[in-house]
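Here are the chains, one letter per residue:
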Amino acid sequence: MTDNTFELKQEAKATDAFAYFPATRRRLEIPVARLPTQTMISLPVTVVHGIEPGPKLWLSAAIHGDELNGVEIIHQVLSKVNPQELRGTLIAVPVVNVFGFIEQSRYLPDRRDLNRSFPGSATGSLASRLACLFMKEIVSRCTHGIDLHTASHHRINLPQIRANLDDSETYRCAKAFGAPIIIHATTRDGSLRQAATRRGIPILLYEAGEALRFDPEAIRVGVEGILRVMNVLEMYSVPHLLPPKNPQEVSESKWIRASRSGILHLKISLGDFVDKKQILCSINDAFGETSVKIRAGVRGIVIGHTQNPLVNQGDGIVHLAIVQ
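Notes on the structure follow. (Residues numbered from 1 in each chain as written. Predicted model: local features only at pLDDT ≥ 70, side-chain atom pairs only at ≥ 80, totals over all residues. Heavy atoms only, no water.)

**Topic: the sheet that holds strand β16 (residues 310–311)**
Next, step 1: Here 4 strands make up an open sheet; going across it, the order is β14-β13-β11-β16 and the pairing antiparallel. Each edge of the open sheet is held by one strand with a lone partner, namely β14 (291–295) and β16.
Next, step 2: Judged from the 2 bridges that link them, strand β11 (residues 262–266) and β16 form a sheet pairing that is antiparallel. Residue pairing for β16: G262 is matched across the bridge by V311. (Pairing = 2+ DSSP bridges. Helix = DSSP H or I, 4+ residues; strand = E, 2+ residues; numbered from the N terminus.)

Right under this line is the structure:
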């Protein structure tokens, strides 16, 4: 069988899986590229069709291959959704960057960041081709999206939603999700969120936890948040699911950076409210002879911080959502 024949057969299977058949759950593999060993790497997708047509929601995780919380969140959501009780379609892609996932790396083999490569090109780099494939096969079929992330390496994030709150439908879904913090965030060039927004598709970006670790609380908030969004879209109803608490809405955040290199001692935790000029941490030299206190330059909520006690001058150490 030639490569072309294999890929055509896989594309035909994908078309069949996406075709609407009431109350069905299907798994498919969309070919991406071959490794140097000629092993085919494919995009794993689960398609769940409900009992009648309705909204089409995609869930994606591991666009950065070392961000694992979203993989488990999608697994748990799929285990709870019964096609016989679903309205519309749920398209789940638990591992978008399969290459990085295998290598436990944020990036693709060419060191490109997939989330700076959208909408991509069918004739570009590996990252660009994968982004183009995802837009064609997943995003173009959906009415709404939720993209799941964690902090980058050596950092941790409080559960938070980042979205364009100026769009009424996006704002409605963000409120329904129920994360502690909602941040009105502009889109970054080349991100999936930017590419979907330009197509008029409401999309939420969920950030929580840290790379290469499962965070039970971040996973719980993510699972419940997705189910609440499905409920507000009238896709799925979950008995006994608590209504969302009123989240803190902010429009700006700021990294507090190290004024000197040394060993970091944090005096705050995720979710803490801090006042302007409050001490956030101290940085000592390796011998304990000198110490510098780092204070908050603004009033805000701790939404992220570094996990590595070794810092260099200029490193981002505490991330604050600014509270007016």
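**Digging into the side chain of H305**
Next, step 1: Along the chain, H305 falls in strand β15 (residues 300–306).
Next, step 2: What H305 contacts, discounting residues up to four positions off in sequence, is H154, R155, I156, L266, I268, L270, I317 and V318. (Contact = heavy atoms within 4.5 Å.)

**Comments concerning the layout of surface pockets**
Next, step 1: Empty space within the largest pocket amounts to approximately 710 Å³.
Next, step 2: Taken together, 27 residues line the largest pocket, and the ones lying closest to its centre are R116, R162, R188, E207 and H319.
Next, step 3: Counting residues per element, the lining of the largest pocket draws most heavily on strand β6 (residues 155–163), which supplies 4 residues.
Next, step 4: A per-class count over the lining of the largest pocket returns 5 nonpolar, 13 polar and 9 charged. (1 Å grid on protein atoms, 1.4 Å probe; cavity = no way out; pocket = protein on both sides within 12 Å on 5 of 7 lines; lining within 4 Å. Points joined across faces, edges and corners; volume = space filled by probe spheres on them. Nonpolar A, V, L, I, M, F, W, Y, C, P; charged D, E, K, R; others polar.)

**Quick notes on the packing of helix α2 (residues 69–80) against helix α7 (residues 216–232)**
Next, step 1: At a minimum axis separation of 9 Å, α2 and α7 run at an interaxial angle of 45 degrees. Considering their axes alone, α2 and α7 lie oblique with respect to each other. Here α2 runs over α7; the crossing is right-handed. Counting all contacts with α2, which are made through N69, E72, I73, Q76, V77 and K80, the residues of α7 involved are A218, I219, G222, V223, I226 and L227.
Next, step 2: Classifying every residue of the contact of α2 with α7 by side-chain character gives 7 nonpolar, 3 polar and 2 charged. (Axes fitted to C-alpha atoms, helices over the stretch in contact; angles between N-to-C directions. Parallel < 35°, antiparallel > 145°, perpendicular 65-115°, else oblique. Left-handed = near helix turned anticlockwise from the far one by under 90°.)

**Section: the nonpolar core**
Next, step 1: Among the nonpolar cores identified, the biggest contains 71 residues, and V45, W58, F134, F177 and M230 are the most heavily contacted of them.
Next, step 2: It is α7 that contributes the most residues to this core, 8 residues altogether.
Next, step 3: Excluding its chain neighbours within four sequence positions, the residues that come into contact with V45 are F18, R26, R27, L28, I30, I91, A92, V93 and I138.
Next, step 4: Judged by nonpolar contacts, the second largest core, of 17 residues, contains I256, I268, V302 and I322. (Core = buried A, V, L, I, M, F, W, Y, C linked by side-chain atoms within 4.5 Å. Buried < 20%, exposed > 50% of the residue type's maximum accessible area, 1.4 Å probe, protein only.)

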